[in-house]
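Report on the structure
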Amino acid sequence: MQIGHPAGAAQTRSTSAPAPVNANANANANVASLRVFVFALFFIFGGITSLNDVIIPKLKDLFTLSYAQAMLVQSAFFAAYFVVSLPAAAIVRRFGYMRTAVVGLLTMTAGCLLFIPAASSGMFVTFLAALFVLAAGITIVQVVANPLISMLGASDTASSRLTFAQAFNSLGTTVFPYVGAMLILGSLAKVDQATLSGAALAAYRAAESQVVVHTYLGLAIALAVVAALVWMNRNKLVEHASPEGSILKAFGLLRQPRFAFGTLCIFLYVGAEVAVGSLIVNYLMQADVLGLGDEAAGKHVSLYWGGAMVGRFLGAYVLRICSPGKVLASAGAIAALLLLVSATNTGALAGWSLLAIGLVNSIMFPTIFTLASEGLGERAAEGSGLICMAIVGGAIVPLLTGYAADMSSLRMALAVPAVCYLLILVFGWYARRPLQRC
């Protein structure tokens, strides 16, 4: 995902909401002003998701966490996708797209504001709670965003609008880590926490947490403004009620081998992408890699996500002339190879080979999704709703990677995402030919 978070993940998670009626698209063809809000949503939720890669080293230093404990940031965040995606679809059915977008934005605002009591408490678990609420809001917004952009114009140009909107998502994942590194990692203190205890330690953590609070407080203000603007324009969108139906029947699709394998690969891909992004700062700070300082290493996270943005445009062309399955298999092979190169080398080669994985990540989510959904026909929406739950891989694979780092080293921990990419390679080769159904 490039969840990525981010852009690819948005594509799948949002389709768990009821599909817009074509008539709606024609009725809303001239509502150009609403597109601005949707582009802003893509930019915001992509950027906030990638900001986790910057906050992880800050909290790791502040609470003297192990790698596995630090990865609980991603676990708390991505667990919300698994828990909230289906309820979010129900909210859309009940209140419509625009009002649900406001619900999501206000939930995100609440999550950002929860960083204030989290910092005051001086406890790591309160930060995890704030991140979960923030991610719950992001999930709701993502369930809304893609169907909404498809409604805001003619149906024959929906794909181009969605691609353009996803570019804003990638822009967010590139800009936010760079700015976040300056705001959050630029102030890492050098106090030896071993010399502190009790009230002194709690006071130190509360004081040092303020840079995180200020960052997320600024985000809360921006989110509240966007929510107000969306609410003011809520009646501009023409919507028709979608038929009710239980999405639980989608689980029957797992009896189809290709769909089940593809769903597993979404789990693996999101997990691998998030795991690598989460380790970049600490990895590049190692003396035998690039030996960068906190802030400089944090700024390099933007290169990882920026590579995915560039790769999306390149991949769009490649996928037009080559078999998607073969392209996916090649991308999985290259990603695994880059991890091997990084783990077995030092210096610039080790650092830049890890960052280059962002480039090959770019085509994975949409390609896996397309190959897994092939042949589903009228059940495509059910399938995408189920696939969105597999994004919980972003909560589990990074945690396993963190445990591996604690038991061995950061270099050896790269074997965990490498295995994920190798399985994606297998799926790409397995699905290289069009699905034949009786």
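For the structure itself, consult the block above.
Before going into details, it helps to say that this report is about the structure given with it. (Residues numbered from 1 in each chain as written. Predicted model: local features only at pLDDT ≥ 70, side-chain atom pairs only at ≥ 80, totals over all residues. Heavy atoms only, no water.)

1. Looking at the overall build of the chain
The secondary structure content of the chain amounts to 23 helices and zero strands. Residues classed as buried in the chain amount to 57% of the 438 residues present. Summarising the internal contacts of the chain: among those between residues at least 6 apart in sequence, 86% fall at separations of at least 24. Accessible surface, the chain: about 16500 Å² in total, of which carbon and sulfur atoms supply 69%. (Helix = DSSP H or I, 4+ residues; strand = E, 2+ residues; numbered from the N terminus. Buried < 20%, exposed > 50% of the residue type's maximum accessible area, 1.4 Å probe, protein only. Contact = heavy atoms within 4.5 Å. Areas by Shrake-Rupley, 256 points an atom, 1.4 Å probe, with all protein chains shown as cover.)

2. Focus: the side chain of Asn282
The topology assignment puts Asn282 in helix 13 (residues 257-285). For Asn282, a relative accessible area of 14% corresponds to the buried category. Residues within four places of Asn282 in sequence aside, it is in contact with Pro57, Lys60, Tyr67 and Leu410.

3. Brief notes about the packing of helix 13 against helix 15 (residues 301-321)
Two measures define how a pair of helices packs: the angle their axes make with one another and the distance between the axes. Viewed as axis vectors pointing N to C, helix 13 and helix 15 meet at an angle of 150°, and their least axial separation amounts to 9 Å. Considering their axes alone, helix 13 and helix 15 lie roughly antiparallel with respect to each other. Residue-level contacts link Glu273, Val276, Gly277, Ile280 and Val281 of helix 13 to Val301, Tyr304 and Trp305 of helix 15. (Axes fitted to C-alpha atoms, helices over the stretch in contact; angles between N-to-C directions. Parallel < 35°, antiparallel > 145°, perpendicular 65-115°, else oblique.)

4. Digging into helix 21 (residues 393-407)
In this model helix 21 runs 21 Å from its N-terminal to its C-terminal C-alpha over 15 residues, within 8% of the 21 Å that 1.5 Å per residue would give. If you check which residues of helix 21 are buried, you get Gly393, Gly394, Ala395, Val397, Pro398, Thr401, Gly402, Ala404 and Ala405. In this structure, the buried residues of helix 21 make contact with helix 5 (67-70), helix 6 (72-95), helix 13, helix 22 (410-413) and helix 23 (415-430). (Expected span 1.5 Å × (residues − 1).)

5. Points about the packing of aromatic side chains
This model, assessed by the stated rule, comprises 14 aromatic pairs. Ring geometry for Phe43 against Phe176: centres 5.4 Å apart, planes inclined by 70°, an arrangement best described as edge-to-face. Taken together, the residues span a long stretch of sequence, with Phe43 in helix 3 (residues 32-50) and Phe176 in helix 10 (residues 158-183) at a distance of 133 residues. With a relative accessible area of 24%, Phe43 lands in the partly exposed category. Their ring planes at 80° and their centres at 4.9 Å tell us that Phe78 and Tyr81 sit as a pair that is edge-to-face. Taken together, the residues Phe78 and Tyr81, both in helix 6 and three residues apart, mark about one turn of the helix. Accessibility assignment for this pair places Phe78 and Tyr81 in one class, buried. Counting every residue linked through ring pairs, the aromatic cluster contains Phe63, Phe115, Phe124, Phe127 and Tyr216. (Phe/Tyr/Trp six-rings, centres within 6.5 Å; stacked < 30°, edge-to-face > 60°.)

6. Considerations on the environment of Ser330
In this fold, Ser330 is placed in helix 16 (residues 324-343). Overall, the relative accessible area of 42% leaves Ser330 in the partly exposed class. Linking Ser330 and Ile424, residues 94 residues apart in sequence, is a C-alpha distance of 9.6 Å. One polar contact links the side chain of Ser330 to the main-chain carbonyl oxygen of Lys326, over a distance of 2.9 Å. (Polar contact = N/O pair within 3.5 Å; in protein donor to acceptor, adjacent residues only side chain to side chain.)

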